[in-house]
Amino acid sequence: MIIVHAGSEVVPYSKTGGLADVLGALPLSLADRGHQVIIVSPLYPSVADKYKPVREPLSLSIRLDAQVHTADVYSIAVNEHATAYFIANDALFSRDGLYVDKNGIDYPDNAQRFIFFSRAVLVLLKKLGIKPDIIHTHDWQSGLVPVYMKALERDYYRGTVSVFTIHNIGYQGTFWHFDMPLTGLGWEYFTSDYLEFYGKLSLLKAGIVFADAVTTVSPTYSREILTPAFGYRMDGVLKTRQHDLFGILNGVDYAQWDPAQDRFIPHQYTRETLDMKQSNKVTLNKMFNLDTTDAPVIGMITRLAQQKGIDLLLGSINRILSMGFKLVLLGSGDKVYEDRVQKIAAGHSGRMSVRIGFDNSLAHLIEAGADVFLMPSVYEPCGLNQMYSLKYGTVPVVSTTGGLNDTVMEYNPSSEQGNGFKFEPQNAEDMLAALRKVLDAYHDRQRWQRLIRAGMAYDFSWKRSAADYELLYKAYLIRSYLHGFRDANGSTNT
Ligand code: ADP
């Protein structure tokens, strides 16, 4: 198959979160399975400076309302089966942050930036003469692609299947209705059946309504988002697509996250050399100025956002530390949380230490050096760090939501089955009860090592997820062939 993946961030070129990890790994896993893969994302300054992509001999021009914008196109041949294309427009994408300025405020022209990107993806493929079998887009930034495939670009993309993945339903790409003309779509698309969402324009809704198949990043999350508690008001819309909605767990890129060959940590290790993990703990303790007692170290690497359960953590921190744990936290995000965690840490020097910022190499050291990894998320579509933690022999303690629920199995001390500990989201007493169980297990050294080794044996590689996506693509290609092409109004047209 010819498979296109388009999205706003792709590892190693750009990253603010898990979306980038997925776009960096899934397309390459599909390429490994023999498919021809194209990845499309914007050209940010980080890409141009560091990876020196090659300028393609073509340019795109795209009308957004009254203005025509142009884009140059750059590319990198990733391997024999995969090419990454970058859409370049300095005025729109040459900025320090991907979506927000240095104060964490959304850029005021985000609608324009990503409407432009979504149009550019389809115009680019057409210019290159590529007729994909599948166009798979991700999150609100590329949510309009499935709409354009059935509207403005309908003739060219007839027979191409669109797949849209929701990585986090909390981010809906909602803009005031005055941005509607930028889309190039008529006002007939601004209805509650299509792009209108409580009086505004939602680019996430656009993807959900128009894609042939909608996926999200874990089976539990695919059920949760159909409920008002998790759906962020999009549950009603999703219910109308329930039969085309699937949960496929993200994978881990073990080329990046494997303690046996991790270049970011001082001591590589395997299940057989766990004493080296202990040496990483010593380095971590030093790096974070923690005291040298052999207390279990809890690690956290997280966006500092309400979703991640930071309130639950902050409300329980004194009790966690007085149970005998130490805590290291690496994170960035909401200024209010950044200030609060730093202030609390200052009152617990030697036992709790915080680094504010985004630091990949430190993230690897925390995974390697911590004993326990805490994820108290209010909701978690998939979550990657709990899977990294398992590989690094760092026991995950997580709330029972989304992908955390699907990947962490409660440890049973009698049977020694399971790989971590779970608690109810937003329930401080339950979290502390889980941490007490952790202490019991931790203090039985033999038992703890068996638990660590069992976790390290789990395989959450992309191979399995890529095979699931491949099945989905094939199923929808067959369906599209048998049913004929469904146009924007829902009528069929073979
Ligand atoms: P989300 O996408 O909701 O932030 P995920 O668990 O899916 O959460 O992915 C987060 C990714 O970003 C992981 O690879 C994690 O290690 C990384 N990450 C998050 N915060 C930081 C940080 N401050 N420094 C380095 N890496 C981080």
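Parameters at a glance
Residues numbered from 1 in each chain as written. Predicted model: local features only at pLDDT ≥ 70, side-chain atom pairs only at ≥ 80, totals over all residues. Heavy atoms only, no water. Near = heavy atom within 4 Å. Polar contact = N/O pair within 3.5 Å; in protein donor to acceptor, adjacent residues only side chain to side chain. Helix = DSSP H or I, 4+ residues; strand = E, 2+ residues; numbered from the N terminus. Domains from an automatic or database assignment. Buried < 20%, exposed > 50% of the residue type's maximum accessible area, 1.4 Å probe, protein only. Pairing = 2+ DSSP bridges. Contact = heavy atoms within 4.5 Å. Buried area = accessible area lost by both parts, 1.4 Å probe. Salt bridge = Lys/Arg side-chain N within 4 Å of Asp/Glu carboxyl O. Nonpolar A, V, L, I, M, F, W, Y, C, P; charged D, E, K, R; others polar. Axes fitted to C-alpha atoms, helices over the stretch in contact; angles between N-to-C directions. Core = buried A, V, L, I, M, F, W, Y, C linked by side-chain atoms within 4.5 Å. 1 Å grid on protein atoms, 1.4 Å probe; cavity = no way out; pocket = protein on both sides within 12 Å on 5 of 7 lines; lining within 4 Å. Points joined across faces, edges and corners; volume = space filled by probe spheres on them. Phe/Tyr/Trp six-rings, centres within 6.5 Å; stacked < 30°, edge-to-face > 60°. Lys NZ or Arg CZ within 6 Å of the ring centre and 35° of its normal.

The subject of this paragraph is the site of the ligand. Surrounding the ligand, one finds 19 residues, the nearest of these being Gly-18, Arg-303, Lys-308, Gly-357 and Asp-359. With respect to the ligand, the side chain of Asn-385 contributes an N or O atom lying 3.2 Å from an oxygen atom. The set of elements that each furnish at least two residues to the shell around the ligand consists of helix H1 (18-32), strand S13 (297-304), strand S14 (326-333), helix H14 (360-369) and helix H15 (385-391). When residues in the shell around the ligand are grouped by element, the largest group, three residues, is from S13. Counting residues domain by domain, the shell around the ligand receives three or more from each of domain 1 (2-251 + 463-483) and domain 2 (275-456).

Moving on, we get to the pairing of strand S2 (residues 36-42). Most of S2 sits out of view: six of its seven residues are buried. By the bridge criterion, five bridges tie strand S1 (residues 2-6) to S2 in an arrangement that is parallel. In the strand pairing of S2, Ile-2 is matched with Gln-36. Note that S2 and strand S5 (residues 82-88) share six bridges and pair parallel. Counterpart to Ile-39 in the pairing with S5 is Ala-84.

Our focus in this paragraph is the domain arrangement of the protein. Split by domain assignment, the protein resolves into domain 1 (2-251 + 463-483) and domain 2 (275-456). One C-alpha centre belongs to domain 1, the other to domain 2; they are set 33 Å apart. With 19 residues of domain 1 at the interface, the matching set in domain 2 holds 18 residues. For the pair domain 1 and domain 2, the summed buried area comes to about 1,300 Å², and 57% of that belongs to carbon and sulfur atoms. Taken together, the connections running from domain 1 to domain 2 amount to zero salt bridges. Counting the contacts that link domain 1 with domain 2 gives eight residue pairs in polar contact (both at pLDDT 80 or more). Where the side of domain 1 that touches domain 2 is concerned, the elements lending two or more residues are H1 and helix H8 (219-224). Considering each element in turn, the side of domain 1 that touches domain 2 owes the most residues, four residues, to H8. Of the residues that constitute the side of domain 1 that touches domain 2, the class distribution is seven nonpolar, nine polar and three charged.

One open sheet holds the nine strands; their spatial order is S3-S4-S5-S2-S1-S6-S7-S11-S12, and the pairing between them is mixed. A single partner strand is all that each edge strand has here, and the edge strands are strand S3 (54-64) and strand S12 (245-247). This sheet shows a mean twist of 25° between the axes of neighbouring strands, independent of strand direction. In the packing of helix H4 (residues 110-128) onto the sheet, contacts are made with S1, S2, S3, strand S4 (67-79), S5 and strand S6 (134-138), and the angle to S3 comes to roughly 125°.

Moving on to the nonpolar core. Counting residues in hydrophobic clusters, the biggest one holds 99 residues, and the most contacted among them are Leu-60 and Leu-195. With eleven residues, H4 is the single largest residue contributor to this core. If we skip the residues at most four places from it in the chain, Leu-195 touches Leu-144, Val-147, Met-180, Leu-185, Tyr-189, Lys-200, Leu-201, Ser-202, Lys-205, Ala-206 and Phe-210. Counting residues in hydrophobic clusters, the runner-up holds 70 residues, among them Ile-310, Ala-368, Met-431 and Met-456.

It is worth spelling out the environment of Ala-255 at this point. Mapped onto the fold, Ala-255 is located in the loop between S12 and helix H11 (275-287). A relative accessible area of 61% places Ala-255 in the exposed class. Taking the C-alpha atoms as reference points, Ala-255 and Ser-461, 206 residues apart in sequence, are found 9.8 Å from one another.

Scanning all chains against the criterion turns up one cavity of 30 Å³ or more. By volume, the largest cavity amounts to about 30 Å³. Sorting the residues of the lining of the largest cavity by element identifies H15, strand S17 (395-399) and helix H18 (445-456) as the ones contributing at least two each. A total of three residues in the lining of the largest cavity trace back to one element, the largest contributor, which is H18. Grouping the amino acids of the lining of the largest cavity by side-chain chemistry returns five nonpolar, five polar and no charged.

Next up on the list: the packing of aromatic side chains. A complete count under the given rule lists 25 aromatic pairs for this structure. Centroid distance Tyr-194 to Phe-210: 5.1 Å. Interplanar angle 45°. Geometry classified as tilted. Of this pair, Tyr-194 sits in the loop between strand S8 (174-175) and strand S9 (196-197) while Phe-210 sits in helix H7 (residues 203-210), placing them 16 residues apart in sequence. For the pair shown, Tyr-194 and Phe-210 are each scored as buried. An aromatic cluster of three or more residues is present, and its members are Tyr-44, Phe-93, Tyr-99, Phe-114, Phe-116, Trp-140 and Phe-175. The ring of Tyr-148 has Arg-119 sitting right over it, with the charged end atom 5.2 Å from the ring centre. Over the ring of Phe-264 we find Arg-263, and its NZ or CZ is 5.3 Å from the ring centre.

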